[in-house]
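Given next are the chains, with one letter for each unit.
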Amino acid sequence: MQIVLSKINTQNINLGLSICFGLLLLALRMKLANSFFYLFLIWNLFLATVPYLITQVLRYKKKVFESNPLGILSFLTWLFFLPNSPYIITDFIHIRHEGSSLIWLDLFLVFVFAINGLLLGLLSLMDMFALLKNRFDERYAHSIIFISCMLSGYGIYLGKFLRFNSWDILTKPIILTTKIFQSLIETEVWATTLAFGGFLWILFRFLQSVSSKCKN
């Protein structure tokens, strides 16, 4: 148990350093360009951190996840916020709208934030898989993670193209449900879902295989 906690703490320290590097890079960019255009990256990264924070708490408080009502609620909350992690990848589109002469710095800045968001999502997936494996069969846990990745891909479509947020499930449930059913016939929906969801799943499997080798 102590070894596991030590690994988690080291992981969180390294994540913190990487996030701080991104924030320093953003501060440098604001200084050089005298522009606050990319401040939205902080909010997007915060949203990407939420699913990781949820699974970290659940790793410490396993009894919460093992309780059926709280376990289901915590899983659904995690799932609603999970798309925010790979969503930052789509922020590359904003580079062309700023019209900055520091294009190299803008690319690197968005890349750093996107990598941090993606890492938070992948590590959160690893945490959730471990939690699910403790409760269910491993194949069942893999199936749930796969479906979660696909739903995250669809969540990116809802956020990027339909402009919905994670909390709209509570604030705009009827509008959201209507738009979801209407979107299912769109080719772009399935392309976005399979592209982002599939990529997230592949990266999860890769990280899982690397983690297994390190343990052996």
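Definitions and limits used
Residues numbered from 1 in each chain as written. Predicted model: local features only at pLDDT ≥ 70, side-chain atom pairs only at ≥ 80, totals over all residues. Heavy atoms only, no water. Axes fitted to C-alpha atoms, helices over the stretch in contact; angles between N-to-C directions. Helix = DSSP H or I, 4+ residues; strand = E, 2+ residues; numbered from the N terminus. Parallel < 35°, antiparallel > 145°, perpendicular 65-115°, else oblique. Left-handed = near helix turned anticlockwise from the far one by under 90°. Contact = heavy atoms within 4.5 Å. Nonpolar A, V, L, I, M, F, W, Y, C, P; charged D, E, K, R; others polar. Buried < 20%, exposed > 50% of the residue type's maximum accessible area, 1.4 Å probe, protein only.

J.: Before we go on, may I ask you to explain the packing of helix 4 (residues 68-81) against helix 8 (residues 138-160) in this structure?
T.: In helix packing, the relevant descriptors are the interaxial angle and the interaxial distance, both defined with respect to the helix axes. Running from amino to carboxyl end, helix 4 crosses helix 8 at an angle of 40°, the nearest separation of the two axes being 9 Å. Between helix 4 and helix 8, the angle is such that the two are oblique. Handedness of the helix 4/helix 8 crossing: right-handed. Across the interface between the two elements, Phe-75, Trp-78 and Leu-79 of helix 4 pack against Ile-144, Ser-148 and Leu-151 of helix 8. By residue class, the composition of the contact of helix 4 with helix 8 is five nonpolar, one polar and no charged.

J.: What am I meant to see in the environment of Ile-175 here?
T.: Along the chain, Ile-175 turns up in helix 10 (residues 173-183). Taking the C-alpha atoms as reference points, Ile-175 and Phe-164, eleven residues apart in sequence, are found 9.9 Å from one another.

J.: Mind showing me how you'd approach the environment of Val-112 here?
T.: Inspection of the secondary structure assignment puts Val-112 in helix 7 (residues 103-135). Take Val-112: its relative accessible area is 9%, and that puts it in the buried class. Linking Val-112 and Gln-11, residues 101 residues apart in sequence, is a C-alpha distance of 17 Å. When sequence neighbours within four positions are dropped, the list of residues in contact with Val-112 reads Ser-18, Phe-21, Gly-22 and Leu-25.

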